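Breakdown of the fold
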Amino acid sequence: MSFAVAAGFLATLPLAAGVASAQSAGCALERISGTSRQVMRCADGVTVTAEGGARFNLVDRNGDGRADAVSLRNKAVLVDVDSGKRAGGFQVVTPQAIAAVRGTRWAVDVKNGTTSVFVVRGRVAVGRPTSRPTVVLSPGEGVDVTAGTGALTVRRWPPARAAALLARLGQ
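A few words now on the overall build of the protein chain. Helices and strands together make up the secondary structure of the protein chain, namely two helices and 14 strands. For the protein chain, long-range pairs separated by at least 24 residues make up 42% of all intrachain contacts whose partners lie at least 6 apart in sequence. If you sum the accessible surface of the protein chain, you get close to 7,900 Å²; carbon and sulfur atoms cover 52% of it.

Structure, rendered in structure tokens:
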């Protein structure tokens, strides 16, 4: 998987601007009643659940009108990619990391200069935007990525940590 991302190459569709932006990317935005969460469902098998206050944009790198990544600046999102409907993979890009998949379910949380990635189902490749190597996470595993060039350490997350992150996302 390629992790090269050129900032000038990303076309973004701001989700915070409302339903029209999400629909223009082939996605429908739904606010979850009684919560501050939002769920974006795309026709090509991608679902993104964002916790209240999360700052993120949809990204359409090749201009085909279909989101192929989320640029996340803070808080958490849960991404579910149905590989039976979605060809070509999907990425979550943060200031510290890029998490990429073909078909899976994973959560990404950005806070205090750290990106945490946790896999619920499938496998996710995680690396820094500016350097290699990457690590591959399996279900129940996570990694915390900070700026720098140090090795990324894959860990099995304690159930309490995983449950706390997923609870913020309504899971």
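Across the protein chain, pLDDT averages 83, with 85% of residues at or above 70. Of all helices and strands in the protein chain, the one with the weakest mean pLDDT is strand 1 (residues 12-14) (38), whereas strand 14 (residues 155-156) scores best (98). Segment residues 1-24 is flagged for pLDDT under 50; beyond a separation of four residues in sequence, or across chains, it makes 47 contacts in the model.

Let us now look at the side chain of Ser116. By the secondary structure assignment, Ser116 is in strand 10 (residues 114-121). The class for Ser116 is buried, based on a relative accessible area of 9%. Polar side-chain contacts of Ser116 include one of 3.3 Å to the side chain of Arg161. The contact partners of Ser116, leaving out residues within four places of it in the chain, are Ala107, Val108, Asp109, Val143, Asp144, Trp157 and Arg161.

With respect to burial, strand 9 (residues 104-111) is a largely interior element, six of its eight residues being buried. Here strand 6 (residues 69-81) pairs with strand 9 via seven bridges, running antiparallel. Note that in strand 9 the partner of Lys75 across the bridge is Val110. By the bridge criterion, seven bridges tie strand 9 to strand 10 in an arrangement that is antiparallel.

What follows concerns the packing of aromatic side chains. Throughout the structure, instances matching the rule amount to one aromatic pair. Note on Phe118 and Trp157: the rings are 4.9 Å apart at their centroids and 25° apart in plane angle, and the pair reads as stacked. Residue Phe118 is found in strand 10, and its partner Trp157 is found in the loop between strand 14 and helix 2 (159-168); the two are separated by 39 residues along the sequence. The same class applies to Phe118 as to Trp157, namely buried.

We now examine the state of the cysteines. Going through the model one piece at a time under the given rule, you end up with one disulfide. The disulfide that involves Cys27 links it to Cys42, with 2.0 Å between the sulfurs. Sign of the S-S torsion, about 90° for the bond between Cys27 and Cys42, identifies this disulfide as right-handed. With Cys27 in strand 2 (residues 27-31) and Cys42 in strand 3 (residues 38-42), the pair connects residues that are 15 residues apart, well separated along the chain. Exposure remark for Cys27: the relative accessible area of 3% places this residue in the buried category.

For the rest of this paragraph, the subject is the nonpolar core. Core analysis: the largest hydrophobic core is formed by 32 residues, its most contacted members being Val77, Val79, Trp106, Val117, Val124 and Val126. Top element by residues in this core is strand 6. It accounts for five residues. When near neighbours in sequence (up to four residues on either side) are disregarded, Val117 contacts Ala99, Trp106, Ala107, Val108, Val124, Val126, Leu137, Glu141, Gly142, Val143 and Trp157. Listed in part, the nine residues of the second largest apolar core include Ala76, Phe118, Ala162 and Leu166.

The rules behind these values
Residues numbered from 1 in each chain as written. Predicted model: local features only at pLDDT ≥ 70, side-chain atom pairs only at ≥ 80, totals over all residues. Heavy atoms only, no water. Helix = DSSP H or I, 4+ residues; strand = E, 2+ residues; numbered from the N terminus. Contact = heavy atoms within 4.5 Å. Areas by Shrake-Rupley, 256 points an atom, 1.4 Å probe, with all protein chains shown as cover. pLDDT = per-residue confidence, 0-100. Buried < 20%, exposed > 50% of the residue type's maximum accessible area, 1.4 Å probe, protein only. Polar contact = N/O pair within 3.5 Å; in protein donor to acceptor, adjacent residues only side chain to side chain. Pairing = 2+ DSSP bridges. Phe/Tyr/Trp six-rings, centres within 6.5 Å; stacked < 30°, edge-to-face > 60°. Disulfide = S-S within 2.5 Å. Core = buried A, V, L, I, M, F, W, Y, C linked by side-chain atoms within 4.5 Å.

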